[in-house]
Amino acid sequence: LQSAGSRGEQARQLVIDLETRGKRAFPVFLSILRDTGQGDLADMLIEECECPPALPQLVELRPVELDLHGEKHHKSKYQECSCFLGKWQRGGGGGWDPSHLRECLIATCACQVYELKADPCGHCLILNNINFSRDSDLSTRHGSDVDCGKLEKRFKALRFNVLTRQDLEAKEMVSELRKLARRDHRALDCCVVVILSHGCQMSHIQFPGGIYGTDGKPVPVEEIVNYFNGSNCPSLRGKPKLFFIQACGGERRDRGFVVDCDSPGDDASRDSLESDATPFQGPSGNMDEPDAVASLPTPSDILVSYSTFPGFVSWREASSGSWYVEMLDSVLELHAHSEDLLNMLLRVANAVSAKGQYKQMPGCFNFLRKKFFFACK
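Everything quoted here is computed from the prediction, not taken from an experiment.

Novice: Explain the overall build of the protein chain to me, and be specific about the residues and the numbers.
Specialist: Along the backbone of the protein chain there are 10 helices and 14 strands. Sorting the 377 residues of the protein chain into buried and exposed places 47% on the buried side. For the protein chain, long-range pairs separated by at least 24 residues make up 76% of all intrachain contacts whose partners lie at least 6 apart in sequence. On the protein chain, roughly 19100 Å² of surface is accessible, and the fraction owed to carbon and sulfur atoms is 49%.

Structure (structure tokens):
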């Protein structure tokens with residue numbers, strides 16, 4: 001490749017080499033690049049090949065029609081696409097269409113992507129706790145109404161049936177979650193749970209953290225997630241279950257570290273910042289050991305996105321809401337039509353990590369088996 005000449009010529013030579021390895025080699029290679037955080041390189045390969053040089057002959061490659069789960073699908077626009085040098089065009093069409101590459105990648109690798117065909121594609125439950133009882137010693141979460149409004153609008157635009165519940169005690173939160181898990185999801189393709197509240201550290205096996213009800217009693221994130229696993233919610237087996245949690249993972253504050261490159265300016269006043277932190281709640285001394293090590297069902301097809309690293313504070317502003325939800329909403333608006341969920345969560349993490357004098361690092365526990373693309377209207 002180094003002997004091919006310029007950067008663009010090297011890129012074209014790489015694509016040509018990949019095309020000789022089979023019909024799916026190039027799109028799968030791009031997919032791997034994005035999965036490993038090298039999306040810029042994938043974009044460069046596509047960009048450099050937008051205007052391929054004149055060649056003596058063109059070789060047309062067509063995606064293979066896949067027979068998923070033993071069922072034949074009707075011929076779609078994806079099977080009418082052809083590919084040369086990674087540029088996809090409509091069958092029989094004239095011009096190269098870079099924007100069509102994402103759709104063709106999904107079709108070519110259909111077995112690696114969750115299908116969202118239902119409309120609505122699933123239920124979205126938002127639990128928004130703002131006002132807490134005096135006995136709880138938990139402060140009012142100013143700005144959470146801003147977060148809630150943004151996410152209600154966003155998930156409706158992403159074809160979800162949105163239900164919001166506000167200011168619930170711990171037992172009421174559990175009741176709403178169980179009610180959703182007991183619903184018949186067989187005609188739907190996905191389920192989303194969003195929780196906006198105060199949080200804390202808790203003893204756990206799979207998923208860290210606890211979420212406070214307005215009465216000051218915590219519900220473990222692990223318990224919340226397991227209401228929807230394959231054992232407890234059969235109608236969601238094999239379907240993606242997504243959890244977005246805006247809450248502190250503890251009370252530690254991160255001042256970050258100095259980097260050599262120019263970093264974004266501090267755009268948040270320390271006086272306007274609030275956190276969703278409460279002190280660590282350790283396990284009681286008389287906890288029954290068998291319960292502490294009991295095995296749990298495998299959490300397949302589940303993703304839990306946390307606003308902050310376990311043990312650390314999650315920041316929120318009264319006027320604009322939390323950093324995490326603000327960036328999540330913005331990234332979904334800009335990229336949900338073209339990128340998979342994991343790639344978008346990397347964008348969210350990068351944007352949030354650059355904010356403020358105190359730092360915050362979102363992350364996720366990912367047990368999805370396939371790529372997840374939202375169905376945009």
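Novice: Can you break down the sheet that holds strand β11 (residues 302–306) residue by residue, with the values?
Specialist: Pairing in this open sheet of six strands is mixed, and the strands run β4-β3-β5-β9-β11-β14 from one edge to the other. Either end of the sheet is taken by a strand with one partner, and the two such strands are β4 (160–166) and β14 (363–367). This sheet shows a mean twist of 10 degrees between the axes of neighbouring strands, independent of strand direction. Relative to β11, strand β9 (residues 241–246) runs parallel, the two being bridged by five bridges. Pairing of I245 across the sheet is with Y306, part of β11. On the sheet, helix α9 (residues 323–335) packs against β5 (190–196), β9 and β11 and is oriented at approximately 140 degrees with respect to β9.

Novice: Which residues make up the pattern of salt bridges, and what values go with them?
Specialist: Under the criterion given, the structure shown has nine salt bridges. Here K117 and E115 are joined by a salt bridge, their closest N and O atoms 3.8 Å apart. On the basis of relative accessible area, E115 is assigned to the partly exposed category, the value being 38%. Two residues, D184 and R186, come together in a salt bridge whose shortest N-O distance is 2.7 Å. Given a relative accessible area of 45%, D184 falls into the partly exposed group. In this structure R186 comes out as exposed when scored by relative accessible area, which is 65%.

Novice: Quick rundown of the packing of α9 against helix α10 (residues 341–353)? Include the residues and the values.
Specialist: At a minimum axis distance of 9 Å, the contact between α9 and α10 shows a crossing angle of 135 degrees. By the angle between their directions, the pair α9 and α10 is classed as oblique. Here α9 and α10 pass one another in a crossing that is right-handed. In contact with W323, Y324, M327, L328, V331, L332 and H335 of α9, α10 contributes M344, L345, R347, V348, A351 and V352.

Novice: I'd like a rundown of the packing of aromatic side chains, residues and numbers included.
Specialist: Applying the stated rule across the entire model yields nine aromatic pairs. Judged by centre distance (5.8 Å) and plane angle (85 degrees), the rings of F155 and F160 are edge-to-face. Judged by its relative accessible area of 0%, F155 falls in the buried class. When the centroid spacing of 6.0 Å and the interplanar angle of 55 degrees are considered together, the rings of F207 and F365 count as tilted. Placement of F207 in the loop between β6 (199–200) and β7 (210–212) and of F365 in strand β14 is noted, with a sequence separation of 158 residues between them. Residue F207 is classed as buried on the basis of its relative accessible area, which comes to 0%. Among the aromatic residues, those joined into a ring-pair cluster are F155, F160, F244, F372 and F374.

Conventions used here
Residues numbered from 1 in each chain as written. Predicted model: local features only at pLDDT ≥ 70, side-chain atom pairs only at ≥ 80, totals over all residues. Heavy atoms only, no water. Helix = DSSP H or I, 4+ residues; strand = E, 2+ residues; numbered from the N terminus. Buried < 20%, exposed > 50% of the residue type's maximum accessible area, 1.4 Å probe, protein only. Contact = heavy atoms within 4.5 Å. Areas by Shrake-Rupley, 256 points an atom, 1.4 Å probe, with all protein chains shown as cover. Pairing = 2+ DSSP bridges. Axes fitted to C-alpha atoms, helices over the stretch in contact; angles between N-to-C directions. Salt bridge = Lys/Arg side-chain N within 4 Å of Asp/Glu carboxyl O. Parallel < 35°, antiparallel > 145°, perpendicular 65-115°, else oblique. Left-handed = near helix turned anticlockwise from the far one by under 90°. Phe/Tyr/Trp six-rings, centres within 6.5 Å; stacked < 30°, edge-to-face > 60°.

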